[in-house]
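Residue strings, one per chain:
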Amino acid sequence: MLNVHLVAHTHDDVGWLKTVDQYFYGIQNDVQHAGVQYILDSVILSLLMEPTRRFIYVEIAFFSRWWQQQTNATQEVVRNLVRQGRLEFANGGWVMNDEAATHYGAIIDQMTLGLRFLEDTFGKDGRPRVAWHIDPFGHSREQASLFAQMGFDGFFFGRLDYQDKSVRQEKLQMEQVWRASASLKPPVADLFTSVLPNMYNPPEKLCWDTLCADKPFVEDPRSPEYNAKELVNYFLQLATAQSEHYRTNHTIMTMGSDFQYENANMWFKNLDRLIQLVNAQQANGSRINVLYSTPACYLWELNKANLTWSVKQDDFFPYADGPHKFWTGYFSSRPALKRYERLSYNFLQVCNQLEALAGPAANVGPYGSGDSAPLNEAMAVLQHHDAVSGTSRQHVANDYARQLAAGWGPCEVLLSNSLARLSGSKEDFTYCRDLNISVCPLTQTAKSFQVTIYNPLGRKVDWMVRLPVSERVFDVRDPNGTIVPSDVVILPSSDGLELLFSASVPALGFSIYSVTQVPGRRPHAHSRQPRSQKSWSHVLDIQNEYIRARFDPDTGFLVELENLEQNLLLPVRQAFYWYNASVGNNLSTQVSGAYIFRPNRQEPLIVSHWAQTRVVKTPLVQEVHQNFSAWCSQVVRLYPGQRHLELEWTVGPIPVGDGWGKEVISRFDTVLETKGLFYTDSNGREILERRRDYRPTWKLNQTEPVAGNYYPVNSRIYIRDGHVQLTVLTDRSQGGSSLRDGSVELMVHRRLLKDDGRGVGEPLLEEGSGLWVRGRHLVLLDKAQTAATGHRLQAEKEVLAPQVVLAPGGGAPYHLGVAPRKQFSGLRRELPPSVHLLTLARWDRTRLLLRLEHQFAVGEGSGNLSSPVTLDLKDLFSAFTITYLQETTLAANQPRASASRLKWTPNTGPTAQPSPPRLDPTTITLEPMEIRTFLASVQWKEHG
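All of the points below concern the structure found in this document. Throughout, residues of each chain are indexed from 1 in the direction in which the sequence is written. It should be noted that, the model being predicted, local features are given only for residues of pLDDT at least 70 and side-chain atom pairs only at 80 or more, the latter also being counted only at that level, while totals for whole chains, interfaces and linings use all residues. Side-chain measures here rest on the full set of heavy atoms in the structure, leaving out hydrogens and waters.

### Let's talk about the packing of helix H11 (residues 335–358) against helix H13 (residues 394–423)
Reasoning step 1: Orientation is described by lines fitted to C-alpha atoms, with helices fitted over the stretch in contact, and by angles between N-to-C directions that extend from 0 to 180 degrees. Each helix corresponds to a stretch of at least 4 residues labelled H or I by DSSP, and each strand to a stretch of at least 2 residues labelled E; elements are numbered beginning at the N terminus. Closest axis-to-axis distance for the H11/H13 pair is 9 Å, and the angle between their directions is 30°. Taken together, the axes of H11 and H13 are roughly parallel relative to one another. Read as a crossing pair, H11 and H13 show a hand that is left-handed.
Reasoning step 2: Residues are grouped as follows: Ala, Val, Leu, Ile, Met, Phe, Trp, Tyr, Cys and Pro are nonpolar; Asp, Glu, Lys and Arg are charged; every other residue, Gly included, is polar. Of the residues that constitute the contact of H11 with H13, the class distribution is 20 nonpolar, 2 polar and 4 charged. Roughly parallel here means an angle under 35 degrees, roughly antiparallel means over 145, roughly perpendicular means 65 to 115, and every remaining angle is called oblique. Put simply, a crossing is left-handed when the front helix is turned counterclockwise from the back one by less than a right angle, and right-handed when it is turned clockwise.

Here's what the structure looks like:
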């Protein structure tokens, strides 16, 4: 008997053509008919009418909002449906997150938020057993690893490359075990993965929603519209054909699609008929049985079949839905939003940590009520596969940014409350959100001010502080009152001034520096040395104790990089180019758009053959300012003690007056013999090897030699020969590739004049603040064997950079009789370099959520950085005492000791079932790439 599992579902985008609120309330239905509140109302009523009906729901951002608006009676009815398994949650994150442009920390946070709502509301009954990513445009290996560590039994998705799908259907590999980590011991990161047969839509002719036009069942043979027999026969053929691509006598059909079930009765009435009429054919010898089901029930049946499954070890990028149709543009679309999201992740972690360190005083204090929840929710929304991906309409992208901005406010109040409590001084704190464009009213007008720098890392940091000022000479004093070196430099782009000084900040803590103008003293101001195109000097270079960068004096381009410490010299030419966006041609009508990258020719055009350069050299910084065109410039920068070269690029507004959409890249060309290989990170964590014009699991027919070789770069991309490695770190997600040996390119900005036909219905013009983008690439040159030491530790500093908070000074004491302090560390001892403090956040009144991560993979880095590391948590934190630790799964919704997953047999041989590590009251060991999650009961200390 073939069992056909019908899964009734709705796919509710948390913003896309309409904003989150417009979708929830059903506003602007002329744009897209969709109202999530009515969908949930209607589904609940239909489930109550017939006890065999079942439904799955996914997006907790919508469900939690709907839930809060229900009466106690309705909530009780829904609890019963959940308890009986008639309403089941799948995935359970706040959103169904994108997998290309998302950082693993933010993925974990958004999943934790959604799953916590379900746990608090429904207990174990509401806990999803399967991950359900039916719409994201390609799938990352790290995502599967995270899902496995969250305790999911399996993973279902809809979209994969059209060539990949046809090969899988033929080889019966639509379902397999995904081995999602090269470091974690199987089956820790093994996840059973099923590719859905029809993306996530109902089969053709069988869509019974108000949004569809298919014929309902007509069973009266006297009616001229009678079609029951025909539909039943069609269904029997369909089910048989579909099952031929799968290995068991079970097959799944997704009965629903985008924002369907607003009139759930229409769907369920016809599904009832389908089930009844098809199953009645069994009396005539039919071997097909149809039932209402859920992905978890279907998965359970596959598991009971006890088969041996093939194993996948790479990922599902890039995704193409036809020849010339590569969804690799969204890796870079809306770079301003992508950066704002990454910056907000940084700020949210600072906010979470200070809330944990200061205890209840963070939430209620002299500055009002501080709250991390609004930013946590906004960040969760931003992980949606049309948000950080850049694939929503412009007004929706604006609304995503609005939500983030609204979340920053309550976190700033929280920071003020916490810093006052921990420093013992109630200052008039101010937050300059515009430092990236050198705007900060306090530092530009005050005669004196104080600078509090908070460091969210588990190790001390030396950080170059840059603040816009309007005077030339300042005294800067460290927390002990000692004068530290400072400099005022002129910004060649605007003639503004910036004060520079290096601050040393302890682990998980802050240092307070005071800054005072010195009147009357002559500045030793460092004037710019302008260089025209034909320079009189034959050497143009900048260097510090570790690195030297040389530029061509005629063109102004970077031409050589030298690692002085390791005695490595590499010719590297860096320049900006642009691809002319395709508007379709005789091979395909496909154009470049928000989703799709399709250049109209393989070779990009150079923005300019030479740059106007200016050099700034002071004891605290050396810079070459390159101006390539009216819309493209860059500052190449070295600070003392820095082991990487910083390239701060500014691009925009991209001119499109010539009628050509443009996709701008920064490209590094070297002589390294890379044999077609390059390496990109997966969601900021493990590294995957990429090979040009190649896919590990099928023979690729390459139709787009540029776009078909683009991969998501979340935090880094590198190339290497046997000896040397060149790594570029990014400050946001970008698309990147190596299109010829020795070359690396990253797409920094794109502006397009046509819509690419994937539903958004609007060209990616980036009107508004997204026109003009600034960002940073950090370039490291290392020996290949030990390069991971540099890029791992630097990437950690990049994603959790220090937070600067300003105040005029002279605040009142927080506690009478308690002297204020200018320096504080939340740790009694630093974390070893291989350990990253991933999460420190308030969970409830007496507990904190704590995640510690081993940030090196097996075999990475120098020395023993990739060995297991043991930590004693006993007196690790200074602000509180841990009284009890409970280890949980990654999303903190179940105790690790009692969590169990379905066991699968891979064809690589049996895997040992890991025994949960014994939790010594205080000591924990981390294996390479392992993340361990704890709920810690704590007692806060008086007066910090």
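### Looking at the nonpolar core
Generally speaking, soluble globular proteins have nonpolar side chains that are buried together.
Reasoning step 1: In these notes, a set of buried Ala, Val, Leu, Ile, Met, Phe, Trp, Tyr and Cys residues joined through side-chain atoms within 4.5 Å is what counts as a nonpolar core. Residue exposure (1.4 Å probe, protein chains only): buried if accessible area is under 20% of the type maximum, exposed if over 50%, otherwise partly exposed. One finds Phe 63, Leu 87 and Tyr 261 to be the most contacted residues of the largest nonpolar core, which totals 227 residues.
Reasoning step 2: Considering each element in turn, this core owes the most residues, 11 residues, to H13.
Reasoning step 3: Leaving out residues up to four positions away in the same chain, Tyr 261 has contacts with Ala 8, His 9, Ile 39, Ser 42, Val 43, Phe 55, Asp 209, Met 255, Gly 256, Trp 267, Phe 268 and Leu 271.
Reasoning step 4: In this structure, Ala 575, Phe 597, Ile 606 and Trp 631 belong to the second largest nonpolar core, which totals 26 residues. Only heavy atoms enter the contact rule, under which two residues are in contact if any of them lie within 4.5 Å.

### Focus: empty space enclosed by the protein
Regions of empty space are outlined by a rolling probe, equal in size to a water molecule, passed over the atoms.
Reasoning step 1: Cavities and pockets were defined on a 1 Å grid built over protein atoms only: a cavity is a set of grid points that admits a 1.4 Å probe from which the probe cannot escape, a pocket is an open set flanked by protein on both sides within 12 Å along at least five of seven lines, and lining residues are those with an atom within 4 Å of any such point. Grid points are joined across faces, edges and corners, and a volume is the space filled by probe spheres set on the points. Per the stated rule, a full pass over the model turns up 6 cavities of 30 Å³ or more.
Reasoning step 2: Size it by volume and the largest cavity reaches roughly 220 Å³.
Reasoning step 3: Every residue lining the largest cavity is counted, 21 residues in all, and those nearest its centre are Gly 684, Arg 716, Ala 795, Glu 796 and Val 799.
Reasoning step 4: Residue assignment for the lining of the largest cavity shows that the elements contributing at least two residues are H11, strand S37 (724–730) and helix H15 (787–799).
Reasoning step 5: Sorting elements by how many residues they give to the lining of the largest cavity places H15 first, with 5 residues.
Reasoning step 6: Its residues assigned to classes, the lining of the largest cavity shows 5 nonpolar, 6 polar and 10 charged.

### Section: the pattern of salt bridges
Reasoning step 1: Counted as salt bridges are all cases of a side-chain nitrogen of Lys or Arg within 4 Å of a carboxyl oxygen of Asp or Glu. On inspection of all chains with the given rule, the structure shows 53 salt bridges.
Reasoning step 2: Across the pair Arg 54 and Glu 88 runs a salt bridge, and its minimum N-O distance is 3.8 Å. Taken as a pair, Arg 54 in the loop between helix H2 (36–49) and strand S2 (55–57) and Glu 88 in strand S3 (residues 87–89) lie far apart in primary sequence, 34 residues in all.
Reasoning step 3: Taking the relative accessible area as the measure of exposure, Arg 54 reaches 18% and is therefore buried.
Reasoning step 4: Arg 637 is the salt-bridge partner of Glu 623, the closest N and O atoms lying 2.6 Å from each other. Remark: Arg 637 occurs in strand S30 (residues 632–638) and Glu 623 occurs in strand S29 (residues 621–629); sequence separation between them is 14 residues. Here the two residues Glu 623 and Arg 637 agree in accessibility, since each one is buried.
Reasoning step 5: Among the charged side chains, a network of salt bridges with common partners joins Arg 466, Glu 498, Glu 623, Arg 637, Glu 646, Glu 648, Arg 776 and Glu 798.

### Some remarks on the pairing of strand S17 (residues 474–477)
Reasoning step 1: Covered by surrounding structure in S17 are Phe 474 and Val 476 only, the residues Asp 475 and Arg 477 on the alternate face being uncovered.
Reasoning step 2: Sheet topology places S17 next to strand S21 (residues 509–517); 4 bridges connect them, and they run antiparallel. Across the sheet, the residue bridging to Arg 477 is Ser 514, located in S21.
Reasoning step 3: Of the pairings in the sheet, the one linking S17 to strand S18 (residues 483–484) comprises 2 bridges and is antiparallel in character. Counted as the bridge partner of Arg 477 is Ile 483 from S18.
Reasoning step 4: Taking the residues between adjacent antiparallel strands as the criterion, S17 and S18 are bridged by 5 residues, where Gly 481 takes a positive phi near 90°. Note: two strands are recorded as paired if DSSP finds a minimum of 2 bridges between them.

### Structural notes on the environment of Leu 753
Reasoning step 1: By the secondary structure assignment, Leu 753 is in the loop between strand S39 (743–751) and strand S40 (773–783).
Reasoning step 2: Leu 753 sits in the partly exposed class, given a relative accessible area of 32%.
Reasoning step 3: The sequence separation of Leu 753 and Gln 281 amounts to 472 residues, and the corresponding C-alpha distance is 54 Å.
Reasoning step 4: The contact partners of Leu 753, leaving out residues within four places of it in the chain, are Val 656, Gly 659, Trp 660, Gly 661, Pro 763 and Leu 765.

### Structural notes on helix H12 (residues 373–382)
Reasoning step 1: For H12, the complete set of buried residues consists of Leu 375, Ala 378, Met 379, Ala 380, Val 381 and Leu 382.
Reasoning step 2: Of the surrounding secondary structure, the elements contacted by the buried residues of H12 are helix H1 (20–25), helix H5 (104–122), H11 and H13.

Without other data, these values stay purely geometric and don't point to any function.
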